[in-house]
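Structural overview for review
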Amino acid sequence: MSAKGTWRDGRRFRLPEGKDEGSRASLRSSPPDAPSGRRWVALPVGLALVLLALLAPGRLAATQLVTPTGPTEIVSAGTDHTCALTPSGAVDCWGSNSAGKAEDQPGPYTQVSAGSAHTCALLPSGAVDCWGYNSNGQAADQPGPYTQVSAGHLYTCALTPSGAVDCWGVNDYGQAEDQSGPFTQVSAGDVHTCALTATGAVDCWGSGGTTQAGPFTQVSAGASYTCALTATGAVDCWGLNHYGQAVDQPGPYTKVSAGGTHTCALTPSGAVDCWGSGGTTQAGPFTQVSAGSDHTCALTPAGALDCWGLSGAGQAADQPGPYGPNRPPAMPEVLSAGGHHTCGL
C-alpha cells in the first residue's frame, strides 16, 4: 500500500502511492464504472460485510476478522495540542496550530489521535482523515478500511479489519514498517510502534521496540518507552526511564497512557495516577485519560475535559465539552423472517 525511498540524509520513509489530492477526491466521489441503468449505493462497512457473508459464504473464509480491543480515543493529547471527539462525531482541537494540526473538523468521526505535529481521525466507513504537518506523508488520507488509527511522531499506523497494521510517514528507525499481525490494538509512539496480539503478547518494532510475552489487555507506546496493562490491572513498563516514567505500578488500573516523560493510568474508581516528570495525580472521577508530551487531559462523566501540565500554547486548557463517543445509528434490518416467508434487502 505504500512506496519506500531514502532521503539525501539517509533517512528512510514510506509514502502512500497515488494519494495526491486529485486521486483522493476521485476515490471518495467516483465509484467504479457501472453498466448503465444500475444504481450504486454507498453502504456502511459493517453492513457490506454482512451482505457479503449472506450472499457469498465462501468469500470471507480466507480472511479472519479481528475485533479491536483498545480503548476508543475520545480525547488525545499530542505534543503541544489536544483534540477531542464530540458526540456528533466532530473533532475539536486546541493548543498550538502549527501547520493546521489543531484545526477543528466537522467529521463525523468515531476516533481521534493527536500526534506530534499532525492529527488523524477514523471515519465510520473505516477511512482515515489526517491534517497538519505532512512533510513525509504522515498526514496523508487513507481509504482503509481500518478499525483504529494511532498518530505518532511524523508517522501514522492503523489497524485493518483482519488485524494487520499499515503505517505511513517517517520510517528512519523502522517504526513505520507494515506488519501482518494479526493484532487487536496498535499504538504509535515517538520512534517505535507496539501492537497487541490476540494472545495478549506485545510486539514492538522501531528503535527500542522490545517485544513482551504478557499477557496484556492494552498497550501504549510513549517517547522511547512503552507501558502495558495486565489482566490483573497492574502496569508493566519498559524502555527509557530517565524521569521514572517507565516504573512498573501495581494498580489496579483500567487504562494506561504513555506520554513524553510521564505516564498516567485510570483507576477503577475514576481517579488518575501519574508518574514521571510532571505526573500529577488527580482525584476525578474520570472515564478516560490521555498523556501528551508534557500535559495530560482526562474526560469527566459529564463529558467535560480537565487538563493539567505544561500549557504554553493552551494545550492544557480545560474544556466544557460535552465530549463523548460518536455512536453510529443502528444497522438497518437486512433480513426478516415472517411466519411462512422470508425477505432480504
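As the structure is a computational prediction, the values presented were derived from the model and not from experiment.

A word on the overall build of the protein. Along its length, the protein carries two helices and 25 strands. The proportion of buried residues among the 345 residues of the protein is 49%. When the accessible surface of the protein is summed, it comes to about 15,500 Å², and 55% of that surface belongs to carbon and sulfur atoms.

Along the chain, G181 turns up in the loop between strand 11 (165-170) and strand 12 (183-188). Measuring from C-alpha to C-alpha, the distance between G181 and L159 comes to 9.4 Å, with 22 residues separating the pair along the chain.

This part covers the pairing of strand 22 (residues 295-299). Of all five residues in strand 22, five are buried, a share of seventy percent or more. Side chains of strand 22 alternate between two faces, with H295, C297 and L299 and T296 and A298 buried alike. Note that strand 21 (residues 288-291) and strand 22 share four bridges and pair antiparallel. Each residue of the ladder has a partner; that of Q288, found in strand 22, is L299. The antiparallel hairpin formed by strand 21 and strand 22 contains three residues in its connecting segment. Remark: five residues form the turn of the hairpin made by strand 22 and strand 23 (residues 305-309), two consecutive strands paired antiparallel; G303 in that turn has positive phi of roughly 95°.

Moving on, we get to the sheet that holds strand 16 (residues 225-230). With antiparallel pairing, the three strands of this open sheet are ordered in space as 15-16-17. In this open sheet, the two strands that pair with only one neighbour each are strand 15 (216-221) and strand 17 (235-239). Ignoring which end each strand starts from, the neighbouring axes of this sheet average 20° apart. Where strand 15 and strand 16 come together, five bridges link them in antiparallel fashion. In the sheet register, A221 faces strand 16, and the bridge partner there is T226.

A few words now on the packing of aromatic side chains. Evaluated as defined, the whole model comprises seven aromatic pairs. Note on Y146 and W168: the rings are 6.1 Å apart at their centroids and 35° apart in plane angle, and the pair reads as tilted. Taken together, the positions of Y146 in the loop between strand 8 (128-132) and strand 9 (148-151) and W168 in strand 11 put the pair 22 residues apart, joining distant regions of the chain. Overall, the relative accessible area of 0% leaves W168 in the buried class. Here the aromatic rings of F216 and W238 are separated by 6.0 Å at their centres, their planes lie at 35°, and the arrangement is tilted. Placement of the pair is F216 in strand 15 and W238 in strand 17, with a sequence separation of 22 residues. Summarising the burial analysis for this pair, F216 and W238 share the class buried.

The next subject is the sheet that holds strand 19 (residues 262-266). Spatially, 18-19-20 is the arrangement adopted by the three strands of the open sheet, whose pairing is antiparallel. The open sheet has two free edges, formed respectively by strand 18 (255-258) and strand 20 (272-276), since each of these has just one partner strand. Strand-to-strand, the axes of this sheet are offset by a mean angle of 15°, without reference to chain direction. Summarising the sheet, strand 18 and strand 19 pair through four bridges and their orientation is antiparallel. Paired with A258 across the strands is T263, a residue of strand 19.

With that settled, the discussion passes to unusual backbone geometry. Backbone geometry follows two general trends: most residues other than glycine have a negative phi, and most peptide bonds adopt the trans configuration. Following G284, the chain continues into P285 via a peptide bond in cis, with omega recorded as 10°. Mapping P285 onto the fold places it in the loop between strand 20 and strand 21. A cis geometry characterises the amide bond from G321 onward to P322, with omega recorded as 5°. Non-glycine residue S224 carries a positive phi angle of around 70°. Within the fold, S224 resides in the loop between strand 15 and strand 16.

Another aspect to go through is the side chain of Q138. With respect to the helices and strands, the residue Q138 is situated in the loop between strand 8 and strand 9. Only 2.8 Å separates the side chain of Q138 from the backbone nitrogen of N136, close enough to count as a polar contact. In contact with Q138, not counting residues within four places along its chain, are H118, C120, C130, Y133, L154, Y155, T156, W168 and G169.

Here the focus is the environment of P182. For P182, the location among the structural elements is in the loop between strand 11 and strand 12. Counting along the chain gives 14 residues from P182 to L196, while the straight-line C-alpha distance between them is 8.7 Å. Setting aside its immediate chain neighbours within four residues, P182 contacts V66, S162, G163, T197 and A198.

Core analysis: the biggest nonpolar cluster contains 21 residues, and A84, V91, Y109, L305 and Y323 have the highest contact counts within it. Secondary structure elements with two or more residues in this core: strand 4 (81-85), strand 5 (91-95), strand 22 and strand 23.

Basis of the calculations
- Residues numbered from 1 in each chain as written.
- Predicted model: local features only at pLDDT ≥ 70, side-chain atom pairs only at ≥ 80, totals over all residues.
- Heavy atoms only, no water.
- Helix = DSSP H or I, 4+ residues; strand = E, 2+ residues; numbered from the N terminus.
- Buried < 20%, exposed > 50% of the residue type's maximum accessible area, 1.4 Å probe, protein only.
- Areas by Shrake-Rupley, 256 points an atom, 1.4 Å probe, with all protein chains shown as cover.
- Pairing = 2+ DSSP bridges.
- Axes fitted to C-alpha atoms, helices over the stretch in contact; angles between N-to-C directions.
- Phe/Tyr/Trp six-rings, centres within 6.5 Å; stacked < 30°, edge-to-face > 60°.
- Polar contact = N/O pair within 3.5 Å; in protein donor to acceptor, adjacent residues only side chain to side chain.
- Contact = heavy atoms within 4.5 Å.
- Core = buried A, V, L, I, M, F, W, Y, C linked by side-chain atoms within 4.5 Å.

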